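Now for the letters of each chain:
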Amino acid sequence: MEQGKIGDLESLGSTSAKDELPQRGTLLRRAYELLETLGQPAAEDILIQHLFGANGNKNLWTVLLRQTLRSSSLFVETGESGFTREVRWSLSSWQSTQRLLHEVDFVVIDTETTGIRPGPDRVIEVGAVRIHNGVIADSYQSLINPQRRLPPFIVSFTHIMQAMVDAAPVAATVIPELLDFCEGATLVGHNLGFDVRFLSHEAQLLGLAFPIEGVDTIPLARRFLPGLKRFKLDTLAAHLQIQTVNRHRALGDAEVTAEAFIKMLALAQKQNIVTLGHLQRRLQLPVAWSGDITQVHTSKEGHQWSADSKLSPSAVATGRPNGGLFLNPAWKRNFPLLPGVYLMKNEDGEVIYVGKAKCLKDRLSSYYSQPLGYTRKMDGLLQNVKEIETRVLGSELEALLVESRLIKELQPVYNVQLRNYELYPFIKIDVQHPFPRVYATREVAADGARYFGPFRSRRIVDLTIELIQKVFPIRTCTRGMPPAAKPSDPCLRLHLGRCSGPCRGNDDAEAYRKVIDEVCAFLGGAREDLLDRLRRQMLEAAQQLNFERAAWLRDAIHSADEILIGQKLITGAVESNNLYIIYPSALDGHNEIFVVRHGRLVAQRCVVHERETMQAALHELLTYAREWGAAPSIVGKAEVDQINIISRWIHHHSEDRAFFPFQHALEESAAHKQFISYVWGTLEEARITREAGVLAADASRASVAFMESASMVNVASDDGIDAL
């Protein structure tokens, strides 16, 4: 709120007004969210309490409330305006929610823009289709001059040429015409928020307001077309057998969206969704919800107000349905306050999801408040959960590792990231060939070739191979090589200098072998000098004003850096991670000891925190670690996730006093006992520090409690004196 308003409040002597009040936009948003939650008109005293948190001078707060709400077209006032008569406020959008769907006018809009960010990017075309009585009745289309150059990829994507927008009217002419066309109608769009953000920005520059509410056909399709897996406009049109014309032009896309919307309205009406209010309520419910939409609305209204005409607790909470609709509330009582993993099971007892948690109770309780209707995956998971099994573990790190192992063993349908480890791709170089290629494979064989990986995704593999083919002059074709085959015609890569042309028969096998050695060194994460060479070339290109090549080299450096980091995560972990990881166990008075050898977890113990017991366990585990010998030459697919988890844990918790590298203790017998004594001393010191911190915190809480109790005694004494 403006400073002048605050001064006026202070002059009226309101104690609440002395605090700085929220800005008008914040107040409007609070009012809108409250009314949307209630679903019915609200009295002014309810709004005052919710917006300002104020009591006291009712006339003052009533004036402020009315000034705020009357400044926005989102709200409608009903009743007498005097202070002695009751006034209620509604959302203006409710005026149309009770109308039958075939009585409501809809305007389907679409835009073409120069990019994805309103402001830096501008609208270059708008298209709109008006639906009246359930059929397309009118349309509007116009190019807009953005008064700037069009990006080449936009020209290629939309086929809108620079000359076309140069001759088009500016937004100051088009936006008012579009607002007139949309007057009195409900907006519709495919990914409506994208178009509304751009049009609202254009309208704001002109001092106008563009409607912000409407119906998005993407969540609509999720609810009424359950067989559809993807929701792009082309996919939606093909599913509904709608012919597409002039795709990626505003009017063409708006016409396709309008036809799809009409067909989905027909499907909605078959589910007894007959008013605009019903349709909006259905979009607020989970994707998998089924039932009588009229009962949802009625039951909600019946619980908004308590007997004393005050808001009920359920009305204050958000109106959006959450996971509590599906999960048994009695389960909460048995969730432990300890780290571990949880297994969600369906009605057949099959595990459909495995998760991990630092605190099982906190993590599982969050599912009860998880909003529904955002993703099909989460809605489907929660709806199918009939049992939750918890397994308490010693530490969060153990939970991470056990989660990874269980996902591989059980293959739950709702776990995706860690279950497809068998499909991790490799990069293969057949070094036995005189002129080997670099390509992707999912199979590792004992064929004498060099294999690099595994990588976490095929996308990273493709980016890596693409970068190698740009930086190193190696062949990509599969044609035969001379002298076994006839020389081939030169290809584009040869002309660009990206291949030495062994297929022409004029290449030196020894020189090619040196290039392949450089590629192998790069894939092994050992070629930092490659980045230096690329950076020098980028600077040289920039100095020569060859900005296109400089930009390409900049992107190549970014990709190479990302690839080197990813490879070092595996190779560095295998070479460097030979250590104990020791944390206090969830079992009181115990420690969790993880023995990591060559990046892999080779042993784990839960040991009581007692000097002789701990030192004996450390000695035994150190002897066991020595038996592992040198690191395996190949990282297996099943080991990738474990090595990544441990490596990332070490990286993110590098400040913890929990890591004890033991490689030197394996190599030198004299260092063996000294190392074990050092580990115990560090653990004991950490325990003392930790307990001292707990005692200090307890003392602080006790001090606060004592001061509060003393204050209450003083107040009671003063009251007694006053009574005398």
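These lines cover the structure that appears in this document, whether it is placed above or below.

## Quick word on the sheet that holds strand β12 (residues 426-429)
Inference 1: Ordered by their spatial adjacency, 3 strands build an open sheet running β13-β12-β14, and the pairing between neighbours is antiparallel. The open sheet is flanked by β13 (438-441) and β14 (450-452), the only strands paired with a single partner. Across the sheet, the axes of successive neighbouring strands diverge by a mean angle of 30 degrees, strand direction being ignored.
Inference 2: Inspection of the sheet shows β12 paired to β14 by 3 bridges, in the antiparallel sense. Residue pairing in the sheet places I429 in a bridge with R450 of β14.
Inference 3: Of the strands in this sheet, β12 and β13 touch helix α19 (residues 458-471), which is tilted by about 170 degrees from β13.
Inference 4: Lying over the sheet, helix α21 (residues 509-523) contacts β12, β13 and β14, oriented at roughly 160 degrees with respect to β12.

## Brief notes about the packing of aromatic side chains
Inference 1: Inspection of the entire model under this criterion finds 10 aromatic pairs.
Inference 2: Taking 5.0 Å as the distance between ring centres and 50 degrees as the angle between the ring planes, the aromatic pair formed by F194 and F198 counts as tilted. One end of the pair, F194, and the other, F198, are both in helix α9 (residues 192-205), 4 residues apart, so they sit about a helical turn from each other.
Inference 3: Geometrically, the ring pair formed by F660 and Y678 is edge-to-face, given 6.1 Å between the ring centres and 75 degrees between the ring planes. Pair noted here: F660 is in strand β18 (residues 659-661) and Y678 is in helix α27 (residues 670-723), with a separation of 18 residues, a long-range link.
Inference 4: The class for F660 is buried, based on a relative accessible area of 3%.
Inference 5: Through a chain of ring-to-ring contacts, three or more aromatic side chains come together here, namely Y342, Y353 and Y367.

## Observations concerning the side chain of T186
Inference 1: Examined against the element boundaries, T186 turns out to sit in strand β7 (residues 186-189).
Inference 2: Among the residues examined, T186 registers a relative accessible area of 14% and is labelled buried.
Inference 3: Contact partners of T186, with chain neighbours within four places excluded, come to V104, D105, F106, V107, G214, V215 and L276.

## Some thoughts on the nonpolar core
Inference 1: Formed by 33 residues in total, the largest nonpolar core has its most connected members in F106, L220, L236, F261 and L279.
Inference 2: Every element with two or more residues in this core is listed here: β4 (106-113), β5 (123-132), α10 (217-224), α11 (233-239), α12 (250-270) and α13 (276-284).
Inference 3: The element that contributes the greatest number of residues to this core is α12, accounting for 8 residues.
Inference 4: Apart from residues no more than four positions distant in its own chain, F261 is found in contact with F106, I131, V188, V215, T217 and L220.
Inference 5: Formed by 27 residues, the second largest nonpolar core is a distinct cluster that contains I427, V515, I516 and C520.

## Quick notes on the packing of α19 against α21
Inference 1: Between α19 and α21, the least distance of the axes is 12 Å, while the angle of their chain directions is 145 degrees. The handedness of the crossing between α19 and α21 is right-handed. Of α21, the residues touching α19 (which contributes T464, L467 and I468) are V519, F522 and L523.
Inference 2: Grouping the constituent residues of the contact of α19 with α21 by class yields 5 nonpolar, 1 polar and no charged.

## Here we look at α9
Inference 1: The end-to-end C-alpha distance of α9, which contains 14 residues, comes to 20 Å, matching closely the 20 Å that a straight helix rising 1.5 Å per residue would cover.
Inference 2: Those residues of α9 lying buried are L192, D195, V196, F198, L199, E202 and A203. Across the axial projection of α9, the buried residues extend over an arc of 165 degrees, all falling on one side. Turned more than 90 degrees off the buried face of α9, the exposed positions are Q204 and L205.
Inference 3: The inward-facing, buried residues of α9 contact β4, β5, α8 (171-182), β7 and β8 (214-216).
Inference 4: G207, located one to two residues past α9, shows a positive phi value of around 75 degrees.

## Considering the packing of helix α3 (residues 44-52) against helix α4 (residues 58-70)
Inference 1: It is at 10 Å that the axes of α3 and α4 come closest, and there the two elements cross at 85 degrees. If you check the angle between α3 and α4, you find them roughly perpendicular. Side by side, α3 and α4 meet where E44, L47, I48, L51 and F52 of the first sit next to W61, T62, L64, L65, R66 and L69 of the second.
Inference 2: Of the residues assigned to the contact of α3 with α4, the class counts are 8 nonpolar, 1 polar and 2 charged.

## Observations regarding the pattern of salt bridges
Inference 1: One pass over the structure, following the stated rule, counts 14 salt bridges.
Inference 2: Between E44 and R66 there is a salt bridge; the shortest N-O distance is 2.7 Å. Taken as a pair, E44 in helix α3 and R66 in helix α4 lie far apart in primary sequence, 22 residues in all.
Inference 3: Taking relative accessible area as the criterion, E44 reaches 7% and is therefore assigned buried.
Inference 4: Of the residues examined, R66 reaches a relative accessible area of 6% and is grouped as buried.
Inference 5: Put simply, E389 and K345 hold a salt bridge, and the shortest N to O gap is 2.8 Å. Of the two residues, E389 sits in strand β11 (residues 387-392) while K345 sits in strand β9 (residues 340-345), which places them 44 residues apart along the sequence.

## Describing the environment of H201
Inference 1: Here H201 is to be found in helix α9.
Inference 2: Residue H201 is classed as partly exposed on the basis of its relative accessible area, which comes to 23%.
Inference 3: With residues up to four places along the chain from it excluded, the contact list for H201 reads P118 and G119.

## As for the pairing of strand β15 (residues 579-584)
Inference 1: Counting buried positions along β15 yields 5 of 6 residues, so the element is predominantly enclosed.
Inference 2: Summarising the sheet, β15 and strand β16 (residues 590-597) pair through 6 bridges and their orientation is antiparallel. Residue pairing across strands places Y580 opposite V595, the latter belonging to β16.
Inference 3: Where β15 meets β18, 3 bridges bridge the pair, whose relative direction is antiparallel. Following the sheet pairing, Y580 is matched in β18 by F660.

## A few points about a nonpolar patch on the surface
Inference 1: On the surface, L205, L206 and L208 cluster together into a nonpolar patch covering about 240 Å² of accessible area.
Inference 2: Tracing the chain through its elements places L206 in the loop between α9 and β8.
Inference 3: Residue classification places L206 among the partly exposed residues on the basis of a relative accessible area of 33%.

## A closer look at helix α18 (residues 396-410)
Given 3.6 residues per turn, any residue in an α-helix points the same way as the ones three and four places further on.
Inference 1: An ideal rise of 1.5 Å per residue puts 21 Å on 15 residues; α18 measures up with 21 Å between its terminal C-alpha atoms.
Inference 2: For α18, the tally of buried residues reaches 11 of 15 residues, placing the bulk of the element in the interior.
Inference 3: Positive phi shows up at Q411, right after α18, with a value of about 50 degrees.

## What to know about the sheet that holds β18
Hydrogen bonds between backbone groups are what pair the strands of a sheet, and the pairing can be parallel or antiparallel.
Inference 1: In space, the 4 strands of this open sheet follow the order β17-β16-β15-β18, with antiparallel pairing throughout. The sheet terminates laterally at β17 (600-608) and β18, the two strands that pair on one side only. Strand after strand, the sheet turns through a mean of 20 degrees between neighbouring axes, direction not considered.
Inference 2: Helix-sheet contacts for α18 involve β15, β16 and β17, and the interaxial angle to β16 is about 50 degrees.

How each quantity is defined
Residues numbered from 1 in each chain as written. Predicted model: local features only at pLDDT ≥ 70, side-chain atom pairs only at ≥ 80, totals over all residues. Heavy atoms only, no water. Pairing = 2+ DSSP bridges. Helix = DSSP H or I, 4+ residues; strand = E, 2+ residues; numbered from the N terminus. Axes fitted to C-alpha atoms, helices over the stretch in contact; angles between N-to-C directions. Contact = heavy atoms within 4.5 Å. Phe/Tyr/Trp six-rings, centres within 6.5 Å; stacked < 30°, edge-to-face > 60°. Buried < 20%, exposed > 50% of the residue type's maximum accessible area, 1.4 Å probe, protein only. Core = buried A, V, L, I, M, F, W, Y, C linked by side-chain atoms within 4.5 Å. Left-handed = near helix turned anticlockwise from the far one by under 90°. Nonpolar A, V, L, I, M, F, W, Y, C, P; charged D, E, K, R; others polar. Expected span 1.5 Å × (residues − 1). Arc of directions from axis to C-beta. Parallel < 35°, antiparallel > 145°, perpendicular 65-115°, else oblique. Salt bridge = Lys/Arg side-chain N within 4 Å of Asp/Glu carboxyl O. Patch = residues over 30% accessible without salt bridge, like charges linked within 9 Å, V, L, I, M, F, W, Y side chains within 5 Å. Areas by Shrake-Rupley, 256 points an atom, 1.4 Å probe, with all protein chains shown as cover.

Worth remembering: the numbers are spatial, not functional.
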